[in-house]
Amino acid sequence: MTASQKLKVGFIGAGFIATYHSKSIRRAERNLNFEIERAGVFDIDQARAIAFAEASGHQMMTSPEEVIDSSDVIYICTWTSEHLDLVRKITQAGKALFCEKPLATNLADAAEIVRLCRQSNITNQVGLVLRHSPAYVLARDLVHSPESGRVMSVVFRDDQFIPIQGHYGSNWRSDVAKAGAGTLLEHSIHDIDMLHFVIGPITDVSARQSFFHGISGIEDVLTTHFSFAPLQSSGESAVGSLTSIWHDNLARPSLRRVEIFCEKRFITIDGDDWFGPVSWTNSDGSTGCLAGDELVSATRDLIQSDPNPDAAFLNSAYTNSPAYPDVAIALSAHQTVNAIYRSAHSGSTNVQVGEFK
Ligand SMILES: NC(=O)c1ccc[n+]([C@@H]2O[C@H](COP(=O)([O-])OP(=O)(O)OC[C@H]3O[C@@H](n4cnc5c(N)ncnc54)[C@H](O)[C@@H]3O)[C@@H](O)[C@H]2O)c1
């Protein structure tokens, strides 16, 4: 892009998350130093495309190819099973790409997405949005500060009502061909990414799963224990657990609680994924707690790009520079997720994650 041009933004898939990004772009627009042009939108469900086009100002189109032709950057917001084919089309056209998480329904397709993006050298970003969350950015800073000592353990709980109901109302999440799997791949891939981000690479895992809703291939409870890569300072490894649940309690839309134990500091992330509160207790008895606007301003310098993930992506696309987090970061989460499923399928044996890139 040159400075005189507008950035033309297109959408493939016009459901829940596309609407979220569209509104987020609207908020980001005021602070961008270039203009956004709302280009094409395509959805196989025409009524959804019409509603999205009317609300956002995008032009309805009749194929993904038309959207790609009309746009400089394209958001892929379809069912997970469709991502790879659309990435192929977008990389062939050499356009910038925002792909929703998970990248694909399986590890091989996720790796192929990374290969295609590398080969075409396009700006690419993934919807692992918690990498921009002030709460997780602060937790990471607290964990790695020298006063904390070594990180020893983490307890991560994530629960929400199964998103085939309520405001999601998405039938595709109960179809393993479209979603790939259940609560771990579809939802808690965010949590695996946050464990990598806040603490470090996971080296081996052991897991169990249950299927309370009786939907083939869609686990609704998954618990896993894991070890992180040995610390350089001592060779000792932090260990932890994740419990991910899709229940039917409509009063609990999406809630996480994270407890991190370092040698000399205890940290919790509770409440809102973005605005905290993040609380901590030090071994000298001092405590801290940040939430809301205070948390946002305390972490502003720790977030290298724009705190709004969509603004960060559009800025990168406009300047033809790398975006964050990219598909390679997402592939690392897929590798860990894949190891967890292999363990769950094999009676919770210990499984090595393999090379962490
Ligand atoms: N980053 C996040 O926090 C987050 C949150 C929710 C969903 N997601 C991901 O976003 C993707 C979409 O989820 P959603 O909640 O928006 O689902 P949704 O059901 O609300 O919307 C998906 C839309 O894609 C359309 N679609 C399916 N295949 C298509 C194709 N080949 N071409 C064009 N349109 C097609 C459907 O008709 C539907 O309107 C999924 O991969 C999901 O995992 C990410």
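Residues numbered from 1 in each chain as written. Predicted model: local features only at pLDDT ≥ 70, side-chain atom pairs only at ≥ 80, totals over all residues. Heavy atoms only, no water.

(A) Spatial organisation of the sheet that holds strand β9 (residues 221–228). Taken in spatial order, the nine strands make up an open sheet running β14-β13-β12-β11-β7-β10-β9-β8-β15, and their pairing is mixed. In the strand order of this sheet, the two ends are held by β14 (287–290) and β15 (351–352), each with one partner. Relative to β9, strand β8 (residues 202–210) is paired through eight bridges, and the arrangement is antiparallel. The residue of β9 that forms the bridge with serine 206 is histidine 225. Running over the sheet, helix α6 (residues 134–144) touches β7 (151–161), β11 (255–262), β12 (265–272), β13 (276–282) and β14 and is turned about 180 degrees from β12. Packed onto the sheet, helix α9 (residues 189–198) meets β7, β8, β9, β10 (239–247) and β11 and runs at close to 160 degrees relative to β7. (Pairing = 2+ DSSP bridges. Helix = DSSP H or I, 4+ residues; strand = E, 2+ residues; numbered from the N terminus. Contact = heavy atoms within 4.5 Å. Axes fitted to C-alpha atoms, helices over the stretch in contact; angles between N-to-C directions.)

(B) Representation of the pattern of salt bridges in the model. Following the criterion strictly, the structure yields 18 salt bridges and no others. Measuring nitrogen to oxygen at the nearest pair gives 3.9 Å for the salt bridge that ties glutamate 147 to arginine 265. In this pair, glutamate 147 is assigned in the loop between α6 and β7 and arginine 265 in strand β12, connecting sequence segments 118 residues apart. Among the salt bridges present, the one from aspartate 191 reaches arginine 256, with a minimum N-O distance of 2.7 Å. Pair noted here: aspartate 191 is in helix α9 and arginine 256 is in strand β11, with a separation of 65 residues, a long-range link. On the accessibility criterion, aspartate 191 (0% relative accessible area) is buried. Linked by salt bridges that have partners in common, Asp158, Asp191, Arg256 and Asp273 make up one network. (Salt bridge = Lys/Arg side-chain N within 4 Å of Asp/Glu carboxyl O. Buried < 20%, exposed > 50% of the residue type's maximum accessible area, 1.4 Å probe, protein only.)

(C) Examining the side chain of serine 70 more closely. Position of serine 70 relative to the elements: it lies in helix α3 (residues 64–70). At 3.0 Å, the side chain of serine 70 and the backbone nitrogen of glycine 40 are in polar contact. Here serine 70 is in contact with Lys8, Ala39, Gly40 and Met61, once residues within four sequence places are set aside. (Polar contact = N/O pair within 3.5 Å; in protein donor to acceptor, adjacent residues only side chain to side chain.)

(D) Molecular detail of the pairing of β11. The side-chain alternation of β11 yields one buried face, formed by Arg256, Val258, Ile260 and Cys262, and one unburied face, formed by Leu255, Arg257, Glu259 and Phe261. Across eight bridges, β7 lies against β11 in antiparallel orientation. The residue of β11 that forms the bridge with valine 151 is cysteine 262. Where β11 lies against β12, four bridges are found, and the strand directions are antiparallel. Among the inter-strand pairings, phenylalanine 261 is bridged to a residue of β12, identified as phenylalanine 266.

(E) Quick look at the state of the cysteines. This structure, assessed with the given rule, holds zero disulfides. In this structure cysteine 77 is a free cysteine whose sulfur lies 8.6 Å from that of cysteine 99, the closest cysteine sulfur available. (Disulfide = S-S within 2.5 Å.)

(F) Expanded view of unusual backbone geometry. Lysine 101 connects to proline 102 through a cis peptide bond whose omega is -20 degrees. Residue placement: proline 102 occurs in the loop between β5 (96–99) and α5 (107–120). Following glycine 276, the chain continues into proline 277 via a peptide bond in cis, with omega recorded as 15 degrees. The backbone of serine 348 sits at a positive phi, close to 60 degrees, despite the residue not being glycine. Tracing the sequence through the fold places serine 348 in the loop between α12 (327–345) and β15.

(G) Looking closely at the domain arrangement of the protein. One can read the domain layout of the protein as domain 1 (7–129 + 311–325) and domain 2 (130–303 + 334–351). Computed over C-alpha atoms, the centres of domain 1 and domain 2 are 26 Å apart. With 18 residues of domain 1 at the interface, the matching set in domain 2 holds 21 residues. Where domain 1 abuts domain 2, roughly 1700 Å² becomes buried across the two surfaces, and 64% of that area is made up of carbon and sulfur atoms. Across the contact surface, domain 1 and domain 2 share one salt bridge. Of the charged contacts, one joins glutamate 186 and lysine 101 as a salt bridge, the two residues approaching to 3.7 Å between their closest N and O atoms. Summed over the shared surface of domain 1 and domain 2, the result is eight residue pairs in polar contact (both at pLDDT 80 or more). Taken together, the residues that form the side of domain 1 that touches domain 2 break down as 12 nonpolar, five polar and one charged. (Domains from an automatic or database assignment. Buried area = accessible area lost by both parts, 1.4 Å probe. Nonpolar A, V, L, I, M, F, W, Y, C, P; charged D, E, K, R; others polar.)

(H) Region of interest: the packing of α6 against helix α10 (residues 292–299). Across the interface, α6 lies against α10 with an axial gap of 9 Å and an inter-helix angle of 55 degrees. Comparing their axes, α10 and α6 come out oblique. Where α6 crosses over α10, the handedness of that crossing is left-handed. Every residue of α10 that contacts α6 at Pro134, Ala135, Val137 and Leu138 is listed here: Leu295, Val296 and Thr299. Of the residues that constitute the contact of α6 with α10, the class distribution is six nonpolar, one polar and no charged. (Parallel < 35°, antiparallel > 145°, perpendicular 65-115°, else oblique. Left-handed = near helix turned anticlockwise from the far one by under 90°.)

(I) Region of the structure containing the site of the ligand. Residues in close proximity to the ligand total 25 residues, the closest being Phe16, Ile17, Asp43, Arg48 and Glu186. For the ligand, an oxygen atom lies 2.9 Å from a polar atom in the side chain of tryptophan 172. Here histidine 190 contributes a side-chain N or O atom positioned 3.0 Å from an oxygen atom of the ligand. For the ligand, the protein covers 92% of the area, taking 850 Å² as the surface of the free molecule. Grouping the amino acids of the shell around the ligand by side-chain chemistry returns nine nonpolar, eight polar and eight charged. Split by domain, the shell around the ligand shows at least three residues from each of two domains, domain 1 (7–129 + 311–325) and domain 2 (130–303 + 334–351). (Near = heavy atom within 4 Å. Areas by Shrake-Rupley, 256 points an atom, 1.4 Å probe, with all protein chains shown as cover.)

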